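# Observations on chain architecture
Here are the chains, one letter per residue:
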Amino acid sequence: MNYQPGIHHITVMAGDPQLNANFYVNKLGMRMIKKSVNQDDPGTYHLFYGNEAATAGSSLTFFPWPRAVKGEPGTGEAVTVGFSVPENSTDFWIQRLKEQDIPHGDTFERFGYTILPFKDPDGLSLELVFDDTDISLDSSWKGTVEKEHAIKGFWGTTLKVTAEESTAQILTDILGFEKTDSKENLSLYRTDAPIGHSVIIETADTAPGKNGRGIVHHVAFRAKNEDHLEELRKKVMELGLSPTQIIDRHWFKSVYYQTRAGILFEMATEGPGYTVDEDPAHLGEQLILPPWLKSKRELIENQLPEINL
């Protein structure tokens, strides 16, 4: 695998799983690359959406709890998720959102990019970032949006904090980002990865957010392999933070820790990847359970609502 530092995945709290899947697959044209369960709460789904090739840096994942209350964004969390789309697709996406009855704001410029803001059904703030980055995706999968306009993966995310320094230190000293620009209360940190390359730190003196649907649960960053993950874990400890032990998530190994700003970060290995247990041509079509939950399949399936796409 060609490792480059950057975002691995972002996980969000959601409400109704059918509404969530319909929005991201049918309306935005993303691919459901994994349909599984929350490993800490197996009676609920864990849904993964990504680009057609399911590459690292493209997977937005959700924990849908139908009874979850709506969250309120604030400081101490990731408040916006940005998708990278082809630079010449602005007119297409404005029309697409209109046709799909997705309200959106006006386009605006930030750090040299054109941005189209909108929200998902649970209130998560989303942005389409029109980017000329070329990414080659080897896949025969076809979604509801033609490839020349389709979402390529993450552009990045915006972290809202009361002070920049401690979060910036993690990004630059541990996760491989570099500060490249700033304007007013926004600072841009980047890597050289084609997708998942950007984090914006927004400083604001506002109230902390309230957890619920539409709120980012955690942001995961890429690690090359388990040895690299352990190196990064030690660096987190040297900053005086308290990372978990390495946890086996079946598709990757992970370490979690809370930043001083209150944001939950994860570091995740690139392998073995989302194709370790499914044919690449048929990702997300069946409920996939990690090995340690397979004996409970019948019980789990009886608890989960059906999702139709």
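To keep things clear, this report deals only with the structure shown in the data block. (Residues numbered from 1 in each chain as written. Predicted model: local features only at pLDDT ≥ 70, side-chain atom pairs only at ≥ 80, totals over all residues. Heavy atoms only, no water.)

## What about helix α3 (residues 165-173)?
Turning to α3, its buried residues are T167, A168, I170 and L171. With its buried residues spanning 160° around the axis, α3 presents them on a single face. Close packing links the buried residues of α3 with β9 (153-161), β11 (186-190), β12 (198-203), β13 (216-223), β15 (252-258) and β16 (264-272). (Buried < 20%, exposed > 50% of the residue type's maximum accessible area, 1.4 Å probe, protein only. Helix = DSSP H or I, 4+ residues; strand = E, 2+ residues; numbered from the N terminus. Arc of directions from axis to C-beta. Contact = heavy atoms within 4.5 Å.)

## Structural notes on the pattern of salt bridges
One pass over the structure, following the stated rule, counts 11 salt bridges. Here K253 makes a salt bridge to E226, at a shortest N to O gap of 3.0 Å. In this pair, K253 is assigned in strand β15 and E226 in helix α4 (residues 226-238), connecting sequence segments 27 residues apart. When its relative accessible area of 39% is taken as the criterion, E226 is described as partly exposed. In this structure, E301 and R297 form a salt bridge, with 2.9 Å as the shortest nitrogen-oxygen distance. (Salt bridge = Lys/Arg side-chain N within 4 Å of Asp/Glu carboxyl O.)

## Describing unusual backbone geometry
In this model, G271 is joined to P272 through a cis peptide bond whose omega is 5°. Checked against the element boundaries, P272 lands in strand β16. One non-glycine residue, D101, lies in the positive phi region at around 60°. Considering the arrangement of structural elements, one finds D101 in the loop between α2 (90-99) and β6 (108-110).

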